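# Summary of structural features
The chain contents come next:
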Amino acid sequence: METAQRQQQGAPGTFTAFARFVLCGGGVGLASSFAVAALASWIAWGLANALITAVSTLFATELHARFTFGAGVRATGRQHAQSGGFAAAAYAVTCVAMLVLQQLVAAPSAALEQGVYLFASALAGVARFAVLRLVVFAQNRSQVEAADRTLSLVHAAVTRAAAPADLVVLDPAA
């Protein structure tokens, strides 16, 4: 029973995980969009987007490891690397979206730029959720489940091995 509870706590359902992903990732994404806009007033937009994407990916990966996907522990280096690889793809999506906007609109307003950026980020975010859930953090769930199975087997073996000794100790004739 305890193992089942730990698995449920460690691996939230798809809807719960997606709601957490939207809350954490959406919050980081929204803050990032404002940070990109602010930083882009000082440096080139592409560089600003790259810097903010790197920082926000590190932060969001930690949030997703600890909260969204129920691991409750820090993200591993491998998970950061995998998440970073997908962040590079998301960076490309936002850059292409902004380049397309620049080609279609001669002088887009800040609100239009923000809207296009957020829309592109949202599309990349949905794909990111699928990759993180099915690939990056799925390995943790299988490792936790394997560890729980191993602990259950060890516990069962110890209980069986200890049972005859307990009976001998409890038997006054022995």
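What counts, and at which threshold
- Residues numbered from 1 in each chain as written.
- Predicted model: local features only at pLDDT ≥ 70, side-chain atom pairs only at ≥ 80, totals over all residues.
- Heavy atoms only, no water.
- Helix = DSSP H or I, 4+ residues; strand = E, 2+ residues; numbered from the N terminus.
- Buried < 20%, exposed > 50% of the residue type's maximum accessible area, 1.4 Å probe, protein only.
- Contact = heavy atoms within 4.5 Å.
- Areas by Shrake-Rupley, 256 points an atom, 1.4 Å probe, with all protein chains shown as cover.
- pLDDT = per-residue confidence, 0-100.
- 1 Å grid on protein atoms, 1.4 Å probe; cavity = no way out; pocket = protein on both sides within 12 Å on 5 of 7 lines; lining within 4 Å.
- Points joined across faces, edges and corners; volume = space filled by probe spheres on them.
- Nonpolar A, V, L, I, M, F, W, Y, C, P; charged D, E, K, R; others polar.
- Salt bridge = Lys/Arg side-chain N within 4 Å of Asp/Glu carboxyl O.
- Expected span 1.5 Å × (residues − 1).
- Axes fitted to C-alpha atoms, helices over the stretch in contact; angles between N-to-C directions.
- Parallel < 35°, antiparallel > 145°, perpendicular 65-115°, else oblique.
- Left-handed = near helix turned anticlockwise from the far one by under 90°.
- Phe/Tyr/Trp six-rings, centres within 6.5 Å; stacked < 30°, edge-to-face > 60°.
- Lys NZ or Arg CZ within 6 Å of the ring centre and 35° of its normal.

Each helix and strand in the protein was counted, giving 6 helices and 0 strands. The N-to-C order of helical and strand elements in the protein reads α-α-α-α-α-α. Counting all 174 residues of the protein, 28% fall into the buried class. Look at the contacts in the protein between residues 6 or more apart in sequence, and 69% of them connect residues 24 or more apart. Working note: accessible area of the protein is about 10500 Å², and carbon and sulfur atoms make up 72% of it.

Mean pLDDT over the protein works out to 75, with 72% of the residues at or above the 70 mark. Here residues 1–8 is modelled with pLDDT under 50, and outside its nearest four sequence neighbours on either side it reaches 6 contacts, counting other chains as well. Segment residues 153–174 is flagged for pLDDT under 50; beyond a separation of four residues in sequence, or across chains, it makes 1 contact in the model.

Here the largest pocket is characterised by a volume of approximately 580 Å³. Of all the secondary-structure elements, those providing two or more residues to the lining of the largest pocket are helix 2 (14–40), helix 3 (45–68), helix 4 (77–104) and helix 5 (110–136). If you tally residues by element for the lining of the largest pocket, the top one is helix 2, at 9 residues. In terms of residue class, the lining of the largest pocket is made up of 15 nonpolar, 12 polar and 1 charged.

In this structure the tally under the stated criterion is 2 salt bridges. Between Glu 62 and Arg 66 there is a salt bridge, and its shortest N-O distance comes to 3.1 Å. Linking Glu 62 with Arg 66, this pair stays in helix 3, spanning 4 residues, or about one helical turn. A relative accessible area of 14% places Glu 62 in the buried class.

Right, let's talk about helix 3 for a bit. End to end, helix 3 covers just 30 Å across 24 residues, shorter than the expected 34 Å (1.5 Å per residue, more than 12% under). Among the residues of helix 3, Ala 48, Asn 49, Ile 52, Thr 53, Ser 56, Thr 57, Ala 60, Thr 61, Glu 62, His 64, Ala 65 and Thr 68 are the ones counted as buried. On its buried face, helix 3 sits against helix 2, helix 4 and helix 5.

The interhelical angle for the contact between helix 2 and helix 3, taken along N-to-C directions, is 160°, at an axis separation of 9 Å. Regarding the angle of helix 2 to helix 3, the classification is roughly antiparallel. When the axes of helix 2 and helix 3 are compared, the crossing they make is right-handed. Counting all contacts with helix 2, which are made through Ala 17, Arg 20, Phe 21, Leu 23, Cys 24, Gly 25, Val 28, Ser 32, Ala 35, Val 36, Leu 39 and Ala 40, the residues of helix 3 involved are Trp 45, Ala 48, Asn 49, Leu 51, Ile 52, Ser 56, Phe 59, Ala 60, Leu 63, His 64, Phe 67 and Thr 68. Broken down by class, the residue content of the contact of helix 2 with helix 3 amounts to 17 nonpolar, 6 polar and 1 charged.

Turning next to the packing of helix 2 against helix 5. Two packed helices can be described by the angle between their axes and the distance between those axes. In the contact formed by helix 2 and helix 5, the axes pass within 10 Å of each other and the chain directions differ by 145°. Our pair here, helix 2 against helix 5, has a crossing hand that is right-handed. Touching Thr 14, Ala 17, Phe 18, Phe 21, Gly 29, Leu 30, Ser 33, Phe 34, Val 36 and Ala 37 of helix 2 are Gln 114, Tyr 117, Leu 118, Gly 125, Arg 128, Phe 129, Leu 132 and Arg 133, all from helix 5. In the contact of helix 2 with helix 5, the residues fall into 11 nonpolar, 5 polar and 2 charged.

Take the packing of aromatic side chains next. Overall, the coordinates contain 6 aromatic pairs when judged by the stated rule. By way of ring pairs, the aromatic residues Phe 18, Phe 21, Phe 69, Phe 129 and Phe 137 are connected into one cluster. Here Arg 20 stacks its cationic end above the ring of Phe 67, 4.9 Å away from the centre of that ring.

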